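Here is what each chain is made of, one letter per residue.
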Amino acid sequence: MSTSAEPRGTSARLSAQPDASVDDGRGYGWVLFAGMMLAIVGTLNFIYGIAAIGDSKFYVKDAQFIISNLNTWGWVLVIIGAVQVVSAFGIWAQAGGARWVGIISAGLNAIVQMLAIPAYPFLALALFAIDILIIYGLLAYGRRTTG
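Basis of the calculations
- Residues numbered from 1 in each chain as written.
- Predicted model: local features only at pLDDT ≥ 70, side-chain atom pairs only at ≥ 80, totals over all residues.
- Heavy atoms only, no water.
- Helix = DSSP H or I, 4+ residues; strand = E, 2+ residues; numbered from the N terminus.
- Expected span 1.5 Å × (residues − 1).
- Buried < 20%, exposed > 50% of the residue type's maximum accessible area, 1.4 Å probe, protein only.
- Contact = heavy atoms within 4.5 Å.
- pLDDT = per-residue confidence, 0-100.
- Patch = residues over 30% accessible without salt bridge, like charges linked within 9 Å, V, L, I, M, F, W, Y side chains within 5 Å.
- Areas by Shrake-Rupley, 256 points an atom, 1.4 Å probe, with all protein chains shown as cover.
- Salt bridge = Lys/Arg side-chain N within 4 Å of Asp/Glu carboxyl O.

**A closer look at helix H4 (residues 98-115)**
Over its 18 residues, H4 runs 25 Å from end to end, which matches the ideal 26 Å to within 8%, given 1.5 Å per residue. Buried within H4 are the following residues: Ala98, Arg99, Gly102, Ile103, Ser105, Ala106, Asn109, Ala110, Val112 and Gln113. Each element contacted by the buried residues of H4 is listed here: helix H2 (28-53), helix H3 (70-92) and helix H5 (121-141).

What follows is the structure in C-alpha cells.
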C-alpha cells in the first residue's frame with residue numbers, strides 16, 4: 001500500500017510524460033566532470049605558475065622555450081589557473097557565460113601546455129589530455145541546463 005498523497009497510478013503517468021522545462025539530464029555527469037577537472041587543472045596551473053615565477057628547482061634544468069622564459073610562462077599559468085578556478089565555480093552554479101570561459105581557458109591552457117613541454121614534459125601532456133576532455137564535456141553537454 002502506498003503512503004504518498006498521490007492517487008494510484010498518478011506517479012507512473014507523471015514520470016512517463018516528458019516535461020518541456022526539464023532536460024533529460026543526459027550528460028550532466030560530463031558537465032560536473034568538466035567543472036571538477038577545470039578546478040583541479042586551474043589549481044595545478046596556479047601552483048606550478050607560482051613555482052615557475054619563483055625559479056623552483058623541480059623544472060627541467062636549462063630548458064629552452066620557444067617564446068620567452070620560465071618566469072613569463074609562470075605568470076601565464078597563474079592567470080589561466082585563476083580564470084579556470086573561477087570558471088569551475090561558475091559551471092557548478094550553472095552561470096551562462098562560465099561554460100564559454102571554461103572552454104576558452106581550457107583551449108588556451110592546452111596551447112600553453114604544448115609550449116611548456118620543455119619545463120615539465122609528463123605533466124604538460126597529462127594536463128593537455130585533461131583540457132581536451134574538459135572542452136568535450138562543456139561543448140557536447142554544457143548547454144543542457146534550461147531556464
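**What to know about the confidence of the model for the chain**
Overall, the predicted model of the chain reaches an average pLDDT of 80, with 77% of residues at or above 70. A low-confidence stretch, residues 12-16 stays under pLDDT 50, and its non-local contacts, those more than four residues away or across chains, total 1 contact. Confidence drops under a pLDDT of 50 for residues 18-22, and excluding neighbours within four residues, the segment shows 2 contacts in the predicted structure.

**Remarks on a nonpolar patch on the surface**
On the surface, Tyr28, Leu32, Met36, Ile40, Phe89 and Trp92 cluster together into a nonpolar patch covering about 580 Å² of accessible area. Put simply, the parts of the chain that give the nonpolar patch at least two residues each are H2 and H3. The dominant element in the nonpolar patch, judged by the number of residues it contributes, is H2, at 4 residues. Counting through the fold element by element, Trp92 comes out in helix H3.

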